Amino acid sequence: MLRWAHSWRLPLRGLGPSSLSFSRVPVAPSSSGRSGTERRSVLLSYKLLDGEASRPALVFLHGLFGSKTNFNSIAKALAQQTGRRVLTVDARNHGESPHSPDMCYEAMSQDMQDLLTHLGLVPCVLIGHSMGGRTAMLLALQRPELVERLIAVDISPVETTSHSDFPSYVAAMRAIDIPDEVSRSSARKLADQQLSAVIQDMAVRQFLLTNLVEVDGRFVWRVNLEALAQHVDKILAFPPRQESYPGPTLFLLGGNSQYVHPSHHAEIRRLFPQAQMQTVPDAGHWVHADRPQDFMAAIRGFLA
């Protein structure tokens, strides 16, 4: 039985790249496969920029603690530059998408399969950063017919526990204590001060603070920290797979990042035999934030 959520469309003129739609889609419960148990998809929140329907859409999947808004300016620019439809999506337990106790790549891949099929955006160009990159990789391996080409941004199909500070971020966020009925500016200042004891990088703290929202006079995290804390080991790993994805694939890496090590290359080429590697100089893990123009140029070059 389908579950529906509210959907709406902005009354903008024309049907070109400037047209927007925002929605959560109806999806049915989906089987998780081999175990025979049901895995229920969630109604993902998304933003769609219209473009030429005859060309594969660009689909952006954000990383851990991110949201679809991370790609706002890039999505608009690429819609204008390429004339393609551009979709940005909030993963489950992030942004405006629902919370769920299930937080694994199989579930996130199923969410995206349902969304892309419902919107008629297949095959598409999947562009995923970090956690979103792994979701995109798994989707491409599971359903290669849905993915015209794949871009994985600063992530590999190899466990990255030794390079990740994400578990400490989750712990620091869960420990935040903000009094009720304080102003938004005071709440952000208090949260920033408390996070700074664990997270010295101000840019990282500001990124995490985009998740601080006010609900009924209290400031809370919109990300589902309970689910993230419980499943962070799954998020930092990648499900073992035997099949390969035959389509064009780009691994776009930050020159200052250590997330993709040369020792990962053999597994990358086993799973993605057409993989290309490209490095963006002077970029860290958040390549699209550090070097947005170079990031977009790399995407356009891969599409050409």
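Thresholds applied
Residues numbered from 1 in each chain as written. Predicted model: local features only at pLDDT ≥ 70, side-chain atom pairs only at ≥ 80, totals over all residues. Heavy atoms only, no water. Helix = DSSP H or I, 4+ residues; strand = E, 2+ residues; numbered from the N terminus. Buried < 20%, exposed > 50% of the residue type's maximum accessible area, 1.4 Å probe, protein only. Contact = heavy atoms within 4.5 Å. Areas by Shrake-Rupley, 256 points an atom, 1.4 Å probe, with all protein chains shown as cover. 1 Å grid on protein atoms, 1.4 Å probe; cavity = no way out; pocket = protein on both sides within 12 Å on 5 of 7 lines; lining within 4 Å. Points joined across faces, edges and corners; volume = space filled by probe spheres on them. Nonpolar A, V, L, I, M, F, W, Y, C, P; charged D, E, K, R; others polar. Lys, Arg positive; Asp, Glu negative; His and termini not counted. Salt bridge = Lys/Arg side-chain N within 4 Å of Asp/Glu carboxyl O. Polar contact = N/O pair within 3.5 Å; in protein donor to acceptor, adjacent residues only side chain to side chain.

Draft legend 1. Layout of the overall build of the protein chain. From N to C terminus, the protein chain includes 10 helices and 13 strands. Out of the 304 residues belonging to the protein chain, those deemed buried represent 54%. Put simply, of all contacts in the protein chain between residues at least 6 apart along the chain, 72% involve residues at least 24 apart. Total accessible area computed for the protein chain in this model is approximately 13500 Å², and 51% of it derives from carbon and sulfur atoms.

Draft legend 2. Broad picture of empty space enclosed by the protein. Within this structure, the stated rule accounts for three cavities of 30 Å³ or more. For the largest cavity, the lining is made up of 13 residues, of which L61, A91, M108, M112 and T135 are closest to its centre. At the level of secondary structure, the elements contributing two or more residues to the lining of the largest cavity comprise α2 (105-119) and α3 (131-142). Estimated volume of the second largest cavity: approximately 60 Å³. In this structure, the second largest cavity is lined by L64, Y105, S130, M131, R134, I155, T160, F166, I235, L236 and Y259. A class-by-class count of the residues in the lining of the second largest cavity yields eight nonpolar, two polar and one charged.

Draft legend 3. Representation of the side chain of R85 in the model. One can find R85 in the loop between α1 (72-82) and β7 (86-89). Although R85 lies buried, it forms no salt bridge, and the closest oppositely charged side chain, D50, sits 6.8 Å away as judged by the N-O distance. Here R55 takes part through its backbone oxygen, which lies 3.4 Å from a polar atom of the side chain of R85. Excluding anything up to four places from it in sequence, R85 contacts L48, L49, D50, G51, E52, A53, R55, A57, L58, G120 and L121.

Draft legend 4. Region of interest: the side chain of K68. Turning to its location among the elements, K68 is positioned in the loop between β6 (58-61) and α1. Taking the relative accessible area as the measure of exposure, K68 reaches 7% and is therefore buried. There is a polar contact of 2.7 Å between the side chain of K68 and the side chain of D90. Ignoring sequence-local partners within four residues, the contact set of K68 consists of S45, Y46, K47, H62, T88, V89, D90 and E96.

Draft legend 5. Layout of the pattern of salt bridges. Counted according to the given criterion, the structure contains 12 salt bridges. One salt bridge connects E145 with R143, and the closest N-O pair in it is separated by 2.5 Å. Residue class for R143 comes out partly exposed when judged on its relative accessible area of 30%. Ionic pairing is found between E226 and R174, a salt bridge with its closest N-O pair at 2.9 Å. Here E226, found in helix α7 (residues 225-235), pairs with R174, found in helix α4 (residues 166-174); they are 52 residues apart in sequence, far enough to count as distant. Judged by relative accessible area, R174 falls into the partly exposed class, the value being 43%. Here the residues in one salt-bridge network are K68, D90 and E96, joined through shared partners.

Just geometry here; none of it tells us what the structure is for.
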